[in-house]
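As a plain string of letters, each chain reads:
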Number of protein chains: 2
Amino acid sequence: MDKIYEYIRRDMAFSHAITLLSWDLETEAPVKAIDGISNTMEVLTQLQYENFVNDEFKKMLYDLDEDKLSEIDKKVVKKLKKDVFEKMSKIPKDEYAKYSSLVTKATQKWEIAKNKEDYSLFKDYLQDLIDTNKKFILYRGYKKNPYDVLLDDYETNLTVEKADKFFDLIRKELIPFIKEIRSKDTTKLEDIKKRFYSVKFSIEEQREISKILSNIMGFDYDKGVIKESEHPFTTNMNNKDVRITTHYYLDDVLSSIYSTVHETGHAIYEQQVDDKYNDTGILSGGSTMGIHESQSRIYENVIGKMKEFTDLIYSLLEKYRKLNISKDEFYLLVNEVKNQYYRTEADEVTYPIHVMIRYEIEKYIFSNIDTKINASDLEKMWNDLYEEYLGIRPKNAKEGILQDSHWAGGAFGYFPSYAIASAYASQIYHALEKKVDVKKAIEDKDFKKINDFLREGIHQYGNSKTPEELIKLCTGEEFNPEYYIKYLKSKYERIYK
Amino acid sequence: MDKIYEYIRRDMAFSHAITLLSWDLETEAPVKAIDGISNTMEVLTQLQYENFVNDEFKKMLYDLDEDKLSEIDKKVVKKLKKDVFEKMSKIPKDEYAKYSSLVTKATQKWEIAKNKEDYSLFKDYLQDLIDTNKKFILYRGYKKNPYDVLLDDYETNLTVEKADKFFDLIRKELIPFIKEIRSKDTTKLEDIKKRFYSVKFSIEEQREISKILSNIMGFDYDKGVIKESEHPFTTNMNNKDVRITTHYYLDDVLSSIYSTVHETGHAIYEQQVDDKYNDTGILSGGSTMGIHESQSRIYENVIGKMKEFTDLIYSLLEKYRKLNISKDEFYLLVNEVKNQYYRTEADEVTYPIHVMIRYEIEKYIFSNIDTKINASDLEKMWNDLYEEYLGIRPKNAKEGILQDSHWAGGAFGYFPSYAIASAYASQIYHALEKKVDVKKAIEDKDFKKINDFLREGIHQYGNSKTPEELIKLCTGEEFNPEYYIKYLKSKYERIYK
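Residues numbered from 1 in each chain as written. Chains lettered and ligands numbered in written order. Predicted model: local features only at pLDDT ≥ 70, side-chain atom pairs only at ≥ 80, totals over all residues. Heavy atoms only, no water.

Another aspect to go through is the sheet that holds strand β3 (residues 241-246) of chain B. All names here are of chain B. An order of β1-β3-β2 is seen for the three strands of this open sheet, with the pairing classed as mixed. Of all the strands in the sheet, the pair left with one neighbour each is β1 (224-228) and β2 (234-238). Between one strand axis and the next, the sheet turns through 20° on average, direction left out of account. In this sheet, β3 lies alongside β1 in parallel orientation, the contact comprising five bridges. Bridged to Glu-228 within β3 is Thr-246. Its contacts with the sheet place helix α1 (residues 2-27) against β1, β2 and β3, and it is angled at close to 150° to β2. (Pairing = 2+ DSSP bridges. Helix = DSSP H or I, 4+ residues; strand = E, 2+ residues; numbered from the N terminus. Axes fitted to C-alpha atoms, helices over the stretch in contact; angles between N-to-C directions. Contact = heavy atoms within 4.5 Å.)

In structure tokens:
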């Protein structure tokens, strides 16, 4: 096992360097540095691949007598076998390298196509990405549904069968509920918004507010950095070095505030992973995308949009200047439900619908593994689904099929985890509420109680448990999306009574 | 040769990652990230070592038919043989990696010890660094003086014999000259300083001034970054990604201004290296430390402290607020000669004396390769030399032996190149003046003429020539330190007439 850990130590060094290079590219590197950075990343990525994918390491790993290993070592070995030899190594090295360069080019093209609002500039790349991913699924093999392979990449053990059940519930419960909400008169809310957005906050002020807020929430600056980038994100080198970014808009102070709250949720997760996983690499970060997003979303939405939290933000803002609205009006503004085109700007209620639309498209593509899916048809499919579910039809590809970067990056199977994450968050909140007086904790600015609960139930375990295990450990129950529906309905019925 | 370039490409990727990790550590990483960063640096340093130091690569390199190579390839091969197989490979792999982690830890310790003004906290690390470096010299072998090996690391072909001759001249000419200057009445200068420093500039204003000034001088922001760190430095990933830092003090606006001018000199050098060396790695950066420092010093001192340049700074400052002194007084203030403790704050005339003191200590340590030198004795030696040469005795280790980071970083043999650099700078300026009307160029804020001359004579060649070759190419003469003595004496006799 000591030999195995030498390989792991190298793998961690490559990951650290690659993560830092990419952080540097997003936050600081000069424009002409891009070629040098992508060159270095390409070399290191290939070295990282070769470090694990080789016969010597494979033999070592499969020759181990697992019975003699510690609990942690057993998990490390199991995960390595799965990630490296059931996944990475199934794809021929040259196809793997070619795919990674396809992704880079597709992402560049996507950005251009999006800005020109022209899907035709991107669709050939999407076709190639789809076809290659189908080929990879076949290399890797599947049991029931080919799409399961991709779902499992982002949310371990998630299958089409489970996801269908989840989205059926969403569809049945939320579509009529949204229709009902949207039939209400919005004149008053429009007036609140007009008054609120007439007050501006400078970038310097927003930077300060973000810092104060993440500090109150428990972000540890001895183990982290806050910086700026085009799109907010969280990244981490290890649990002592977790970095988040936000983006400040002069005319929208709430954008940077809620992206900070979201990323701080991710960051606290990483900072609270137990040190005992530090040297394992593969177990040392957070768990699946779904679990990770549940931790950003419980903060951004469930806690972050409670009255007590919006009051907290309100008073932070009022330290700079008088807001033109009351605290109650601010709460209504933050919790507005609105049918609009962009997933990332969606409120809590419509959010899962945006995700469901992407899920349905991906399911259509990858369930039909042997049928050639024509990328040209997907824009219409996207628009039809928006019209069917939200009653709005995108007028161009920028507000339609080109709005997200995920597909350009080859991340098929990623989206569903976003909606599941929100459902996890509701269920976790339900359990949290039983142990901690959350309202009082927010009023007292005492987030330690909340973070301790999340550390206990989720964070400490790093990547050593499945989502099912974590939900059970944290809430005492199996995953149950009814909590999500109940939470959304009772909250928004109250607001839109 | 193509095969060789595959190794070089990997080497460059490692260098890029390691440089970025170290930049990150100095400018941004959270305090608790240090262990993770030094771990990763250790692994990558070892991999970088193994990439070159192995029999396969050695055979490939030595089997090449050099006659068939291009001029550039010939130089690459020659340098690789020297750096890798006459130097790096002589040190056992595990000792090499261990040393790199010692350096990281020693640097952290040094910072703490310095701030606590307590040499005893650092001396064991210094002992270890000295002993390890002596061992490495023995591994590498030496001809005349063991210290030559270290001198050559920073200034190719520099030896104790040459350095002794240089510092003998300095000692003979400058010690009495400084005594004479310091016998003058300083009442008027003290009054000028009092008035100047009564006017303060905010950090934000200083940041802006640094940016404007480096921009005027020709720093290319598309290929570079300016940031902040405890100690100012320049680093580069490649000629399209050159980064400098400065440090802002509320009560000393000149500190950040002159460190920016200095680092900008380094940066312009790197940015102007010819693209044809980009893929060679080993030839792609600037030349030796001495040549590099000559480029920062010609800007910081020779050009930066000319009347026309101090006038330029004066008018930049006056855009923020009225200074309490005249332009002529400002020139006197900037060019004050003063016996004080810190090398980095030294004026042009006393500067080489600070370096000479370090040279004498290093020469004592490393010339006596077989004698155990006790690190405990070095603080007294340092203080004695300051008393002997400058008539002042440091009251604590912060203003004494702990002031520089070099030894903590294992950079023995580095200091002498600083003084030689100043001498190069004087000689290069002498040549520049014949071709360019420097005074007019500064008045016109037209630094392109100056930078073009430096590019022609020095920068373009990257690391493809020896210092002797570069000085000859740029000035048409052999290196001659008499230019330096003449420059200093004539300038400061005029000021202190």
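Residues and elements named next belong to chain B. Relative orientation of the contacting elements helix α12 (residues 289-303) and helix α17 (residues 415-435) amounts to 60°, with a least axis distance of 7 Å. Of the possible angle classes, the one that applies to α12 and α17 is oblique. The hand of the α12/α17 crossing is right-handed. On the side of α12, the interface is formed by Met-289, Gly-290, Ile-291, Glu-293, Ser-294, Gln-295, Arg-297, Ile-298, Val-302 and Ile-303, while α17 contributes Ser-417, Tyr-418, Ala-421, Ser-422, Tyr-424, Ala-425, Ile-428, Tyr-429 and Leu-432. Per-class residue counts for the contact of α12 with α17 are 12 nonpolar, five polar and two charged. (Parallel < 35°, antiparallel > 145°, perpendicular 65-115°, else oblique. Left-handed = near helix turned anticlockwise from the far one by under 90°. Nonpolar A, V, L, I, M, F, W, Y, C, P; charged D, E, K, R; others polar.)

On to the packing of helix α17 (residues 415-435) of chain A against helix α21 (residues 482-495) of chain A. All names here are of chain A. Between α17 and α21, the shortest axis-to-axis distance is 8 Å and the interhelical angle comes to 80°. Classed by the angle they form, the pair α17 and α21 counts as roughly perpendicular. The segment α17 lies against α21, with Ala-419, Ser-422, Ala-423, Ser-426, Gln-427 and His-430 engaging Tyr-483, Tyr-484 and Tyr-487.

Facing 35 residues of chain A, the contacting portion of chain B comprises 35 residues. For the pairing of chain A and chain B, the buried interface totals around 2,800 Å² over both sides, and the portion due to carbon and sulfur atoms is 63%. When the buried surface of chain A facing chain B is broken down by residue, Arg-9, Glu-28 and Lys-32 of chain A rank first, second and third, together holding 20% of it. Our count for the contact surface shared by chain A and chain B stands at eight salt bridges. Note that Asp-24 of chain A and Arg-243 of chain B form a salt bridge whose closest N and O atoms lie 2.8 Å from each other. (Buried area = accessible area lost by both parts, 1.4 Å probe. Salt bridge = Lys/Arg side-chain N within 4 Å of Asp/Glu carboxyl O.)

Residues and elements named next belong to chain A. Taken together, three strands build an open sheet; the order of strands is β1-β3-β2 and the sheet is mixed. With one partner strand each, in any of the chains shown, β1 (224-228) and β2 (234-238) form the two edges of the open sheet. The sheet shows a mean angle of 20° between the axes of neighbouring strands, taken without regard to direction. Relative to strand β3 (residues 241-246), β2 is paired through four bridges, and the arrangement is antiparallel. Pairing of Thr-235 across the sheet is with Arg-243, part of β3.

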